[in-house]
Amino acid sequence: MTRMLLAVALGATLLAGAAQAKDTLTVGMVLEPPHLDPTAGAASAIREVTYGNIYEGLTRIDHRGEVRPALAESWSISPDGLTYKFRLIGGVKFHDGTPFDCSIVKFSYERAVAPDSVNAQKQLFEPIESTTCPDPLTAVVKLKRPTSLFLFDMAWGDAVMISPKSAATNKTNPVGTGPFRFKQWIKGDRVEMVRNPDYWGAQPKLKAVTFKFIADPAAATAAVLAGDIDAFPLFPAPEAIDQFKSDPRFAVHIGTTEGKTILALNNARKPFDDIRVRRALAYAIDRKALIDAAQSGYGKPIGSHYVPTDPGYVDLTGVYPYDPAKAKALLAEAGIKPGTEITIMLPPPSYARRGGEVIAAMLDQVGIKAKLVPIEWAQWLDQVFMRSDFDATIISHTEARDLDIYARDKYYFNYHSPQYKALYQKFVEAIDPKTQLDLIGQLQKKLADDEPNVFLFALAKVGVANAKLRGLWDNDPLPANVVAGVSWAD
Amino acid sequence: MTGYFLRRALVLLSTLLAASLVVFVVLQVLPGDPAALMLGTGARPDTLAALRHHLGLDAPAWLRYLRWIFGILRGDFGISYTYNVPVAELVRQRSALSVPLALLAIVLSTAIAIPVGVFAAARRGSVRDAALMGAAQVGVAIPNFWLGILLILLFAIHLPWLPASGFPGWGEGLWPGLRALILPALALALPQAAILARVTRAAVIETLGEDFVRTARAKGLTRGAALWRHAVPNALIPVVTLIGLQFSFLLAGTVIVENVFTLPGLGRLVFQAIAQRDLIVVQDLVVLLAGSVILVNFTVDLAAAAIDPRQRRPGA
């Protein structure tokens, strides 16, 4: 009897050991970051590894896309909207021991606007006139002009706090103030990080996190099925999702992103300089069918350059309902003969390559022959983005709240509208949040009216994870995999 | 023999120089700016200019070519634009996977192919010969990446014996590293073995019909002894040549298999570097790979000369 009890007790202990919650996490990503310094490169993959995990800024963006305090615990804004006074958290240290104070803020912001700066979003810092330090835990940032998105902009990965000691080596040995410390990077395979025991905020539940890079969709599926990967937040094989949905070991996370997928048109080139042609194209595309065919049904139609999850969204999807007859009539009115050829450039992502096939078929219905040209990223950037040498292209703009691109003097789709520019200027200088939201609505409506590009759909975030994982972000308000709040259910 | 070496060395050097010039010119013509790719769509012109200057891309092409070539001569392969680390270090890290993987695959494929080929040749026309050569025909037809996916499904998902993908690095120990290489090595080796077995069989059959094999048999050697001592060694030249070619292919031609298994090897490095316009890495790798192919071919020539003394004669 005693022996049996012992055996039971032993068995129970063993079981308890086996059932103890796991405290490591392996996250799958399609692309490997080129390096790990978000202040020196545009690649989303850099942020997907480091944002909120290794580096932090004065403000941060939460899973709903809202601005929250980070290294600045609070702030006040002067009535004219020109002076931001940040109260910094005391006692914060970088992973290498460097103390965080106002001098770091000054260094980080000044480095971003320096003449030799290679910050990919240098324009975010352009409104800053000066950063001063009345005391070590107060940072005063003076702006040249009111900038309504300033707190939001300072939450971007490009605006994280950098220590002068490690600024030059962050690309290969990132040092920040975040809840995880960089451990090692096996190039071509994975980045490993471990819990930062000296973190100023709540200690993360996970002891160690690994980001593993798997580009091939079939290999990604296999790695999740085999348990090599615990979570794949931007899963590259939407066709395999149903398989995961029916398997109780996995949970499928469908969320939103900031990706505004558009059929961008070169407004400087015939026939797209004619508003009737642009509107005709908008009428000719069945967005619902496009999402079903090209994105396995994941994604939401949009009617302007703004996603439904952002503040101030106005539903404009009804402005150009699917109506091939109307499209044909508009094209005839504009003098476009049936059989007219246009060229659509398709960068590598599947929304473009698959979407291109579907859109070509839809345009064919209204008498436009679309020639599809698949190109790689480098060529897209060079030919389409830099030199504006294109008719049309399918592209997802993933930067959050980027209505400003339509107000720029020179941007690849060549939209020039003095009214839009004036409206955007009013928005930038608006201080009252209600006025801001109202202006955001007006900007969206102006774009839907002019239809410089055909607005297609908001890219969905389709992720797969172990069913026992808690605290993963469903949505992608900015490129990030913030894992500080992730834990395993018992 | 010294003259032979000198001649070969001269050919090697001029081939490398030609390769370096060709790859440099091709990359100049290729559209795409590395700086624009790194800074993305939000970059301002002054930021792009700053990065181009930082990377040395604002110098004229001829100067960049000379800087690169003289750098290599001093043993400096340059700094990768995207990874921001010396290219030599990248190549060393990736070779730590690609070279063992290629060796493992070549050993596996040879170990399978030569016995199968000799066996089939010795029993030419039999049912077993037909079965083996039928299997080899299937092996030739199967693409290695598809075989890789099948292997993953069987040995990583259905029977969870081996990892589905990735490479932990040799720092984790010999066995974890080897374990990760077994499936990709098999996926690479089996189609290669199929080709090699067919070539071995054909070569052995050809030598079996030669006079010296008949003489050996007439001297009283058994069929087996005549086969292994006279026919097989004489059939080895095309086999060794093919192994050399296969090794060159395995060093860099494994991009697809490396993608299927997500292995950080040289093939994927070249592929990524081209997509990201990491020009210096592409240039260095093309020259290095051209060099290694030339070197392997040279080794194969030496091996052939060792096997067949007739090949050592000048003009042969």
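Worth saying up front: this structure is predicted, and the values here are computed from it rather than measured.

### Let's talk about the layout of surface pockets
Reasoning step 1: Put simply, the second largest pocket is a space of about 1,200 Å³.
Reasoning step 2: Considering the residues around the second largest pocket, the lining is formed by 40 residues, among which Gln123(A), Asp404(A), Ile405(A), Arg408(A) and Arg44(B) are closest to the centre.
Reasoning step 3: Counting residues per element, the ones that place at least two in the lining of the second largest pocket are helix H4 (122–125), helix H5 (150–153), helix H12 (377–386) and helix H13 (418–429) of chain A together with helix H3 (45–55) of chain B.
Reasoning step 4: Sort the elements by how many residues they give to the lining of the second largest pocket and H13(A) lands first, with five residues.
Reasoning step 5: Residues of the lining of the second largest pocket, tallied by class, amount to 18 nonpolar, nine polar and 13 charged.

### Notes on helix H14 (residues 433–450) of chain A
All names here are of chain A.
Reasoning step 1: The end-to-end C-alpha distance of H14 is 26 Å, a good match for the 26 Å that 18 residues give at a rise of 1.5 Å each.
Reasoning step 2: Of the residues making up H14, those classed as buried are Gln436, Leu439, Ile440, Gly441, Leu443, Gln444, Lys446, Leu447, Ala448 and Asp450.
Reasoning step 3: Elements that come into contact with the buried residues of H14 comprise helix H8 (275–284), H13 and strand E17 (454–466).
Reasoning step 4: Where H14 ends, the next residue or the one after it, Glu451, has phi of about 40 degrees, a positive value.

### Section: the state of the cysteines
Residues and elements named next belong to chain A.
Reasoning step 1: Tallied over the entire structure, the rule returns one disulfide over all chains.
Reasoning step 2: At a sulfur-sulfur separation of 2.1 Å, the disulfide partner of Cys102 is Cys133. Here Cys102 and Cys133 share a disulfide; its torsion about the S-S bond, -80 degrees, makes the bridge left-handed. On the criterion of sequence distance, the pair formed by Cys102 in helix H3 (residues 102–113) and Cys133 in strand E6 (residues 128–135) is long-range, its members being 31 residues apart.
Reasoning step 3: In this structure Cys102 comes out as buried when scored by relative accessible area, which is 0%.

### Regarding the environment of Ile214(A)
Reasoning step 1: By secondary structure assignment, the location of Ile214(A) is in the loop between strand E10 (208–213) and helix H6 (217–225).
Reasoning step 2: Filtering out sequence-adjacent residues up to four positions away, Ile214(A) remains in contact with Met29(A), Val30(A), Ala219(A), Ala220(A), Ala223(A), Ile229(A), Phe232(A), Ser165(B) and Thr262(B).

### Re the pattern of salt bridges
Reasoning step 1: Applying the stated criterion to the full structure yields 39 salt bridges over all chains.
Reasoning step 2: Linking Arg201(B) and Asp129(B) is a salt bridge whose minimum nitrogen-to-oxygen distance equals 2.8 Å. Of this pair, Arg201(B) sits in helix H8 (residues 174–208) while Asp129(B) sits in helix H6 (residues 127–141), placing them 72 residues apart in sequence.
Reasoning step 3: Taking relative accessible area as the criterion, Asp129(B) reaches 3% and is therefore assigned buried.
Reasoning step 4: Sharing partners across several salt bridges, the network here consists of Lys183(A), Asp189(A), Arg190(A), Glu192(A) and Lys212(A).

### As for the domain arrangement of chain A
All names here are of chain A.
Reasoning step 1: Partitioning chain A into domains gives domain 1 (24–30 + 173–256 + 461–488), domain 2 (57–167) and domain 3 (259–460).
Reasoning step 2: Relative placement of domain 1 and domain 2: their C-alpha centres are 28 Å apart.
Reasoning step 3: Listed per partner, the contact involves 12 residues of domain 1 and 14 residues of domain 2.
Reasoning step 4: It is Val175, Thr177 and Trp200 in domain 1 that bury the most area against domain 2; as a group they hold 47% of the surface buried on that side.
Reasoning step 5: Along the contact surface separating domain 1 from domain 2 lie zero salt bridges.
Reasoning step 6: Across the side of domain 1 that touches domain 2, the residue classes tally to six nonpolar, five polar and one charged.

### Examining the nonpolar core
Reasoning step 1: Of all hydrophobic cores here, the largest spans 109 residues; its most connected members are Leu58(A), Phe86(A), Phe100(A), Leu263(A) and Tyr412(A).
Reasoning step 2: Excluding its chain neighbours within four sequence positions, the residues that come into contact with Leu58(A) are Pro69(A), Ala70(A), Leu71(A), Ala72(A), Phe86(A), Leu88(A), Phe100(A), Val105(A), Tyr109(A), Met154(A) and Met161(A).
Reasoning step 3: Counting 65 residues, the second-largest nonpolar core is a separate cluster that includes Leu27(B), Leu39(B), Val85(B) and Leu90(B).

### Let's talk about empty space enclosed by the protein
All names here are of chain A.
Reasoning step 1: Under the defined criterion, the tally for this structure stands at six cavities of 30 Å³ or more.
Reasoning step 2: As a volume, the largest cavity reaches approximately 160 Å³.
Reasoning step 3: Listed by contribution, the elements that provide at least two residues to the lining of the largest cavity are strand E11 (231–232) and E17.
Reasoning step 4: When residues of the lining of the largest cavity are assigned to their parent elements, the largest contribution, four residues, is made by E17.
Reasoning step 5: Considering only residue class, the lining of the largest cavity consists of 12 nonpolar, three polar and two charged.

### Considerations on the interface of chain A and chain B
Reasoning step 1: Listed as interface residues are 49 residues of chain A and, on the opposing side, 45 residues of chain B.
Reasoning step 2: Summing both partners gives a buried area of about 3,400 Å² for chain A against chain B, and 57% of it is carried by carbon and sulfur.
Reasoning step 3: Summed over the shared surface of chain A and chain B, the result is two salt bridges.
Reasoning step 4: Across the salt bridge formed by Arg277(B) and Glu376(A), the nearest N and O atoms sit 2.6 Å from each other.
Reasoning step 5: Viewed at the interface, chain B and chain A are joined by nine residue pairs in polar contact (both at pLDDT 80 or more).
Reasoning step 6: Looking at the side of chain A that touches chain B, the elements with two or more residues in it are H4, strand E8 (180–186), E10, H6 and H12 of chain A.
Reasoning step 7: By residue number, the principal contributor to the side of chain A that touches chain B is H12(A), which donates eight residues.
Reasoning step 8: Residues that form the side of chain A that touches chain B fall into these classes: 24 nonpolar, 10 polar and 15 charged.

### Digging into the sheet that holds strand E4 (residues 72–77) of chain A
Strand pairing in a sheet relies on backbone hydrogen bonds. The paired strands run either parallel or antiparallel.
Residue and element names in this part refer to chain A.
Reasoning step 1: Strands sit in the order E4-E5-E7-E6 across an open sheet of four strands; the sheet is antiparallel. Whereas interior strands pair on both sides, the edge strands pair on one side only; in this sheet they are E4 and E6. For this sheet, the mean angle separating the axes of adjacent strands, direction not counted, is 20 degrees.
Reasoning step 2: The pairing of E6 with strand E7 (residues 138–143) spans five bridges and is classified as antiparallel. Of the residues in E7, the one forming a bridge with Ile128 is Leu143.

### Re the packing of aromatic side chains
Reasoning step 1: Under the criterion given, the structure shown has 30 aromatic pairs over all chains.
Reasoning step 2: Pairing Trp377(A) with Trp380(A) gives two aromatic rings, centres 5.7 Å apart and planes at 85 degrees, and the pair type is edge-to-face. Of the two residues, Trp377(A) and Trp380(A) both sit in helix H12, three residues apart, roughly one turn of that helix.
Reasoning step 3: Take Trp380(A): its relative accessible area is 1%, and that puts it in the buried class.
Reasoning step 4: Seen from their ring centres, Phe24(B) and Trp68(B) are 6.3 Å apart, and the 20 degrees between their planes marks the pair as stacked. You can see Phe24(B) sitting in helix H1 (residues 2–29) and its partner Trp68(B) sitting in helix H4 (residues 61–73), a full 44 residues away along the chain.

### Topic: the confidence of the model for chain B
Reasoning step 1: Looking at chain B, the pLDDT average stands at 85 and 97% of residues meet or exceed 70.
Reasoning step 2: On the interface metric, ipTM, the complex scores 0.75, and its pTM is 0.83.

### Some points on the domain arrangement of chain B
Residues and elements named next belong to chain B.
Reasoning step 1: With domains assigned, chain B is organised as domain 1 (2–73) and domain 2 (90–312).
Reasoning step 2: A straight line from the C-alpha centre of domain 1 to that of domain 2 covers 33 Å.
Reasoning step 3: At the junction of the two partners, domain 1 supplies 18 residues and domain 2 supplies 17 residues.
Reasoning step 4: Between domain 1 and domain 2 we count zero salt bridges in total.
Reasoning step 5: Counting residues per element, the side of domain 1 that touches domain 2 draws most heavily on H1, at 11 residues.

### A word on the side chain of Glu56(A)
Residue and element names in this part refer to chain A.
Reasoning step 1: Looking at the secondary structure, you find Glu56 in the loop between helix H2 (44–50) and strand E2 (59–61).
Reasoning step 2: A polar contact of 3.0 Å, which involves the side chain of Glu56, links it to the side chain of Trp200.
Reasoning step 3: Apart from residues lying up to four places away in sequence, Glu56 is in contact with Leu71, Val160, Met161, Thr177, Gly178, Pro179, Tyr199 and Trp200.

### Regarding the environment of Lys468(A)
All names here are of chain A.
Reasoning step 1: Summarising the element assignment, Lys468 is placed in the loop between E17 and strand E18 (469–470).
Reasoning step 2: Lys468 gets classed as partly exposed once you look at its relative accessible area, which sits at 46%.
Reasoning step 3: In this structure, Lys468 is in contact with Ser487, Trp488 and Ala489, ignoring residues within four places of it in sequence.

What counts and what doesn't
- Residues numbered from 1 in each chain as written.
- Chains lettered and ligands numbered in written order.
- Predicted model: local features only at pLDDT ≥ 70, side-chain atom pairs only at ≥ 80, totals over all residues.
- Heavy atoms only, no water.
- 1 Å grid on protein atoms, 1.4 Å probe; cavity = no way out; pocket = protein on both sides within 12 Å on 5 of 7 lines; lining within 4 Å.
- Points joined across faces, edges and corners; volume = space filled by probe spheres on them.
- Helix = DSSP H or I, 4+ residues; strand = E, 2+ residues; numbered from the N terminus.
- Nonpolar A, V, L, I, M, F, W, Y, C, P; charged D, E, K, R; others polar.
- Expected span 1.5 Å × (residues − 1).
- Buried < 20%, exposed > 50% of the residue type's maximum accessible area, 1.4 Å probe, protein only.
- Contact = heavy atoms within 4.5 Å.
- Disulfide = S-S within 2.5 Å.
- Salt bridge = Lys/Arg side-chain N within 4 Å of Asp/Glu carboxyl O.
- Domains from an automatic or database assignment.
- Buried area = accessible area lost by both parts, 1.4 Å probe.
- Core = buried A, V, L, I, M, F, W, Y, C linked by side-chain atoms within 4.5 Å.
- Polar contact = N/O pair within 3.5 Å; in protein donor to acceptor, adjacent residues only side chain to side chain.
- Pairing = 2+ DSSP bridges.
- Axes fitted to C-alpha atoms, helices over the stretch in contact; angles between N-to-C directions.
- Phe/Tyr/Trp six-rings, centres within 6.5 Å; stacked < 30°, edge-to-face > 60°.
- pLDDT = per-residue confidence, 0-100.

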